[in-house]
Each structure stands twice: as C-alpha cells, then as structure tokens.
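Examining the three-dimensional arrangement
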Amino acid sequence: MDYEELKQLDSKYYMEVFGERMPAVFTHGKGAKLYDENGSEYLDFLAGIAVNCLGYSDEGFKNALKAQIDTLIHTCNYFYNEPQARLAQMLCEKTGYARVFFGNSGAEANECALKLAKKYTYHKGSASDRFVALKQSFHGRTLATLAATGQEKFHAPFRPMPYDFTYIAANDVKAAKAAISGDICGVILEVIQGESGVFPLDQAFVAAVRALCDEHGVPLIIDEVQTGMGRTGKLLAQEHYGIKADITTLAKALGNGVPIGACLASEKLAAAFGSGDHGSTFGGNPLACAAGLYVTAKIDDALLAQITQTGSYFKGKLAALMRRLPQSILDVRGFGLMLGAQLSEAYRAHDIQLKLLKEGFVIGTAGGNTLRFVPPFVIEKADVDNLIGALTAALK
Ligand SMILES: *Cc1c(COP(=O)(O)O)cnc(C)c1O
C-alpha cells in the first residue's frame, strides 16, 4: 500500500485522536536505523517514544520472542506462568523491590500504583481519596492517571475526575510541605518530567518530598514509565537522586516494543493488595514477560555506562550548539539518553521535527516548544554528530 492510500484509510477509519500524523510509513528497521516504504533510511532518535531501547531487529531479542511464540503466547492469570515469575524475580532483585504486578502499559502500571496506595490508606482506616501530584506532569490516559496528570487541558471535557488531586509546582518545597500530610493517600511524580518538556526535578525538592512522605507515613510513587530501564544511565532515574520510592512504575522500554507495564512495591505497600483487589487478562502474559526478561537481562553495568557516555557526549554537543546559536536554543536539559532542547519563539518544535524527518532523522517533541531525544541505546557518537549537523542546518 502506498503512502497516500494508507493516509486515506487511516483518516477514514481511525479515531482522530492523533491529528495529522508525521508523513512517513516505516516498514522495517535495523539497529538505530528505520526504513520507509520507499527504502529511504532514517536515524532514529525517538525509539517509538523511548520504547525501542535495544534498537530494531536485535537478533537475541527476536530469538527470545520466537522461542516463546513457538511454545505459548498467552495463558491467563488463573495459572502459574514461568516467564512471569522469572521476570518478577529479576526486576525485584535488580531494583530492591519486594513484589511486582504486570499490566500492559504505562497508564495501567500507574493505575495499579494509585489503587495500591489507596488500598494501603484504606487499610490504615482512612477514607481519604486525596493525592498530591505535580503541575505539568504526565501519567497516562486512563481516568485515574489523567486525574494525576497536572495539566488542565487534558481534564476539561472528562470531568468529574476520580480521586481528589492537589497539584503543586515542581521544585516548590514550601508547597510540598503544605500539601503533604498524614491524611493523603500518596504522592506521585516523575523525577524527569518527560511529556511536558524534559524537566529534571531539583535534588533538594525530591529529597524534601521523600522526607515529608516518611514523616507522615505517606507512600511515594515514582513514575519511571519513561525514565526507567536504563534510559538515564541508571536502571531507575531515582538512583540519581539517592532516594527510593515506595512504589515505582515501569513500561515503555521494558518490552522493547512488546506491550508491558510493571508496578513495583515494597513489601509494606504490596501487602495492602489481597486476592481480587486487582487483575488483568493480558497483563504479564508469557510473550510480554519473555520480552521483559530479555530486555531486563541486557541492562547491565556495561550498557548503563555506554548510555551515560553517549548521553553526555550528546548533551555536550547540544550545549555547544546552544552556545553557537543562543537565539535559537534557549535550554538543554536531561541526562543519559533522555534529552530536551528548548527552542526560542522564532521556531515551532514541530516544524523542526518535520524538517529533520525530510533529512532522514526521526526526533520527538515535548511541551514548552522542546525537541525531545530518546534514541535506542545502540545509538553511536557518529550518529549524534550526524544529527547535530542536520539540526544546525535546520535552525539556520
Ligand atoms: C508514556 C508515559 C505514560 C503512559 O504510558 P502509556 O503506555 O502510554 O499508557 C505514563 N507516564 C509517563 C511518565 C510516560 O512517559
């Protein structure tokens, strides 16, 4: 099917939630490269929004999936399931959490986290349904995760929202002190706010929120759906902050493209869920867990060091470009392979994204007129140099 035919089919039959899509149809990929239906090559700095962490067509990954497809793709959660139990063990051992629940997406992982914190609070004898979240956050598209998302534009048509969220500004320690008390169910935050523009939280703020949660016995939920699985050079981005959440959620990179989300919790929190409190038909099925097992085993110290190295090289290049073109790039943020470059008002991030696509580079955008770079971990310094060259030309 050619591009025009496909575009017509999509605009006739698919719900219009994605607006006009980017003008390319990818048919296959290899490493950090994607190819479209005309055979044109693209360097990928988006990775299906921080999902395809091992790049495309990884032999070991394909073999792990094929072996699982050849034996058992799905069995329901009435039965024990070896890939699920092994992935649960591996994630708990690598992160220090006690227990895990698997869903199919980031939103489901966060939905589970919110339910778990609510049930924990209920267990303590409180009827509170109050949570604290941050302004400019993003936690997903289900109703509860939308409620946790501190951006009014997402709420307006869908009110009433479940639960009672108080939104505080990122890095406002005073507001955190005022909002966090013994009668809330939990606090949820991303340590690097991804969708709203790649904004890392301040160290002092994260430490203060952790201390306040400890002081009041309130669960801290850290949404690592985008930042987790090595993206920032640590398995979990919260390690950069030297703290540990009571509940951590994962998804995007965990399955390298096979849908899976995970909610990890300490024993104290996990114990709040009893039989029948939560569930999923597909969640943690053998195919998804075979994918998760392969990815989780791959993220070792050597790969994390490589992510840190390539990431700091990339960030250095973006910072140098900002110094050369201070009228064009206002800020460069993030760490590891999760970087953002905020453009001046003279540009629209989406226009630069389209220009770069024409030149053979796939990049993302985020809020605040920001270019977002979340490439596969296999990206190389030479690829970064090529992108910087094309970006320099696109900003001229
Ligand atoms: C993408 C994302 C989500 C939502 O994940 P889905 O798989 O789209 O449901 C939640 N939180 C963060 C931080 C994300 O980046």
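This write-up is about the structure you can find in this document. (Residues numbered from 1 in each chain as written. Predicted model: local features only at pLDDT ≥ 70, side-chain atom pairs only at ≥ 80, totals over all residues. Heavy atoms only, no water.)

**Here we look at the site of the ligand**
Keep this limit in mind: The near set for a molecule or strand comprises every residue that places at least one heavy atom within 4 Å of it. Each polar contact in these results corresponds to two N or O atoms within 3.5 Å; when the atoms are within protein, one needs to be able to donate a hydrogen and the other to accept it, and residues that are neighboring in sequence are counted only if both atoms are side-chain atoms. Surface exposure here means Shrake-Rupley accessible area, sampled with a 1.4 Å probe, where a residue is shielded only by the protein chains that are shown. Secondary structure is summarised from DSSP: a helix means a run of H or I of at least four residues, a strand means a run of E of at least two, and numbering begins at the N terminus for each. Polar here means any residue other than Ala, Val, Leu, Ile, Met, Phe, Trp, Tyr, Cys and Pro, which are nonpolar, and Asp, Glu, Lys and Arg, which are charged; Gly is therefore polar.
Around the ligand lies a shell formed by Ser105, Gly106, Ala107, Asn110, Phe138, His139, Gly140, Glu190, Asp223, Val225, Gln226 and Lys252. One of the backbone N or O atoms of Phe138 is found 3.4 Å from a nitrogen atom in the ligand. The contact in question runs from an oxygen atom of the ligand to an N or O atom on the side chain of Gln226, over 2.8 Å. With the chains in place, 80% of the 380 Å² that the ligand exposes on its own is no longer accessible. Counting residues per element, the shell around the ligand draws most heavily on helix α5 (residues 106-123), which supplies three residues. Residue composition of the shell around the ligand, grouped by class: three nonpolar, six polar and three charged.

**A closer look at the packing of aromatic side chains**
Operational definition: Aromatic pairing here means that ring centres of Phe, Tyr or Trp (its six-membered ring) are within 6.5 Å. Orientation follows from the plane angle: under 30 degrees is stacked, over 60 is edge-to-face, and everything else is tilted. Burial classification: accessible surface area is computed with a 1.4 Å probe over protein chains only, and a residue below 20% of its type maximum counts as buried, one above 50% as exposed, and the rest as partly exposed. Charge-over-ring placement is defined geometrically: NZ (Lys) or CZ (Arg) within 6 Å of the ring centre, and within 35 degrees of the ring normal.
Counting across every chain of the model gives nine aromatic pairs. Relative to Phe18, the ring of Tyr14 has its centre 6.2 Å away and its plane inclined at 25°; by these criteria the two rings are stacked. Note on Phe18: relative accessible area 51%, which makes it exposed. Ring centres 5.3 Å apart and planes at 35° place the aromatic pair Phe131 and Tyr163 in the tilted group. You can see Phe131 sitting in strand β5 (residues 130-134) and its partner Tyr163 sitting in the loop between α7 (152-155) and β6 (164-168), a full 32 residues away along the chain. A network of ring pairs unites the aromatic residues Phe131, Tyr163, Phe165 and Tyr167 as a single cluster. In this arrangement the basic side chain of Arg333 is found over the ring face of Phe199, its NZ or CZ atom lying 3.9 Å from the centre.

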